[in-house]
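Summary of the model geometry
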Amino acid sequence: MYRYYELRELESKAPKLFGIPTGTKLDEMFFKVEKEGDRYIKKPLGGVPHLAVMNITGVPDTGKSLLAEQFAITQASAGYRVLYVTVESPANFLYTAMKQRSEVLGADFSKVESNIVVIDASESDELRENPKALMETMAYAIKEKKVTNTIIDSITGLYEHKEVMARQIVRQFYNFMKRHRQTGIFVSQKRSAQASESAEAAGGLAVAHIVDGTIVLDKKLIESRWDVKLYGLPIGSVLRTIRIDGCRIAPHDSRMWVFEISEVGTIEIIAPLSEFIKKRAKEEDEE
Ligand SMILES: Nc1ncnc2c1ncn2[C@@H]1O[C@H](COP(=O)(O)OP(=O)(O)O)[C@@H](O)[C@H]1O
Ligand SMILES: [Mg+2]
C-alpha cells in the first residue's frame, strides 16, 4: 500500500522559497510575494527558485549553453558545487571557454575550476543511451563532491533517435533531481520546424510538461525594412530574446526581453522588448 498525507504533514517537507543566482537579470525576473501590513508585495527572488528544475529551450545557436554555463560559473564562484553533464560538445572545450568568461564576469576562476564537476557523455554511447548508467555516475559525483546544482546540456541529446521514450527519460531525470535535492537546468533543443517562441522541444512537449518551468531563447534575423524600422537594428543583424514561459514554483515576469551575447560569450539581458522598441522609436523621433 502507498500512503497518503494530510496537507499539514507536508509542512516539514515544504522547501523554502529563495533564489539561486544565475549571474543574469533572470534573477530579478522571478518573484516572491510577501505580506507587508495588509498589502502583498512582489519582491525579486534573486535567482531561479531553489530546487527548481528549469528547462532552457531554443533552436540551435540561441545561447542555451552559454546561459547554462553562466549559471554554473556564478554558482561555482559563490562556493557551490555544480555538476555539468555535457551531452553534445566534448568536455575539453569547456575549460578555456569557462576560464575566459569567468574573467569577464569577475568570477574567481580558482573557485570555478574546483567547484564545477564535469561528466562527459558526449564521447560515451553508454552514458548517452543508458539513463541508468548516467544517473549512477551522476549520483556518485553528487554525493562525493557535495553538489547542489546540476545542469544537463542537453536532455534532448539523451533520447536522440528514440523520441517515443522522451517522456519516460525526462521524467526519470527529473525525479533524479528531486531525489538528490538539486536545483538545475535541463537544456532542450528545438527543431527549426517547431514554433521558435514555444516551449516545445524535440520529443514534443515532454520536457516542458514535466519540469518546473521553461525559459525560451530565440533569435530573429533583421531582414526587412520593416524590421529595421521596428527594432532600430541594421539589416542582417540578429535580435536575441529571452522569456520565462511558465514556472510552477514562483511567480515570474512573463514578458519577452532582449538580450545580447558579448564577444566572449557572456549573456546580458537588456530590456523588455516593448521598452526596447519604445526607446528606439523615441531616439528616432529626436533625430
Ligand atoms: N565563447 C564564445 N564567445 C563568443 N561568442 C560565443 C561563444 N560561444 C558562443 N558564442 C555565440 O553565442 C551563440 C550561442 O551559443 P550557444 O550557447 O552555444 O548556443 P546553443 O547552446 O543555444 O546552441 C553562438 O552562435 C555564438 O554566436
Ligand atoms: Mg548548446
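Since the model is a prediction, treat every value here as computed from it, not as a measurement.

Conventions we followed
- Residues numbered from 1 in each chain as written.
- Chains lettered and ligands numbered in written order.
- Predicted model: local features only at pLDDT ≥ 70, side-chain atom pairs only at ≥ 80, totals over all residues.
- Helix = DSSP H or I, 4+ residues; strand = E, 2+ residues; numbered from the N terminus.
- Rg over C-alpha atoms; globule rule 2.2 N^0.38 Å.
- Buried ≥ 20, exposed ≤ 12 C-beta atoms within 10 Å, placed from the backbone.
- Expected span 1.5 Å × (residues − 1).
- Pairing = 2+ DSSP bridges.
- Right-handed = clockwise from strand over helix to strand, strands pointing away.
- Contact = placed C-beta atoms within 7 Å.
- Near = placed C-beta within 6 Å.
- Nonpolar A, V, L, I, M, F, W, Y, C, P; charged D, E, K, R; others polar.
- pLDDT = per-residue confidence, 0-100.

What follows concerns the overall build of the chain. A tally of helices and strands in the chain yields nine helices and 13 strands. Taken against the 2.2 N^0.38 rule, which gives 19 Å for 287 residues, the C-alpha radius of gyration of the chain at 20 Å falls within 12% of a compact globule. Seen along its three principal axes, the alpha-carbon backbone of the chain occupies a region of about 70 × 55 × 40 Å. Counting every position in the chain, which comprises 287 residues, the buried fraction comes to 39%.

So, on to helix α1 (residues 64-77). Its 14 residues give α1 an end-to-end C-alpha distance of 20 Å, which sits within 8% of 20 Å, the value for a rise of 1.5 Å per residue. Most of α1 sits out of view: 13 of its 14 residues are buried. With its phi angle positive at about 95°, Gly79 sits one or two positions after the end of α1.

Looking now at the pairing of strand β8 (residues 149-153). With five of five residues buried, β8 is to be regarded as a mostly interior element. By the alternation rule, side chains of β8 split into Asn149, Ile151 and Asp153 and Thr150 and Ile152, which are all buried. The sheet contact formed by strand β6 (residues 82-86) and β8 spans five bridges and is parallel. Bridged to Leu83 within β8 is Thr150. After leaving β8, the chain enters helix α6 (residues 166-179) and then returns to the sheet as strand β9 (residues 183-189), a path that is right-handed.

For Tyr174, the location among the structural elements is in helix α6. Of the residues examined, Tyr174 has 19 C-beta atoms within 10 Å and is grouped as partly exposed. On a C-alpha basis, the gap between Tyr174 and Ala52 in space is 9.9 Å, while along the polypeptide they are 122 residues apart. For Tyr174, the contacting residues outside a window of four places in its chain are Val53, Ile210 and Val211.

Taken together, the three bridges between strand β11 (residues 238-247) and strand β12 (residues 257-261) define a ladder with antiparallel strand orientation. Across the sheet, Arg240 pairs through a bridge with Phe259, a residue of β12. Pairing geometry for β12 and strand β13 (residues 267-272), over five bridges, is antiparallel. Paired with Val258 across the bridge in β13 is Ala271. Following β12, the chain reverses through five residues before pairing antiparallel with β13; Gly265 in that reversal takes a positive phi of roughly 95°.

Turning our eyes to something else, we now look at the site of ligand 1. Taken together, 13 residues form the shell around ligand 1, and within it Asp61, Lys64, Ser65, Leu66 and Gly265 come nearest. For the shell around ligand 1, the class distribution of residues is five nonpolar, five polar and three charged.

Scored by pLDDT, the chain comes out at a mean of 93, with 100% of its residues at no less than 70. When mean pLDDT is compared element by element in the chain, β8 scores highest at 98, while helix α9 (residues 273-286) scores lowest at 85.

Glancing now at α6. Helix length check: α6, at 14 residues, gives a terminal C-alpha distance of 20 Å against a target of 20 Å (1.5 Å per residue), a fit within 8%. Considering only its buried residues, α6 is in contact with β5 (53-58), α5 (131-145), β8, β9 and α7 (206-210). After α6 finishes, the residue Arg181 shows a positive phi value of roughly 50°.

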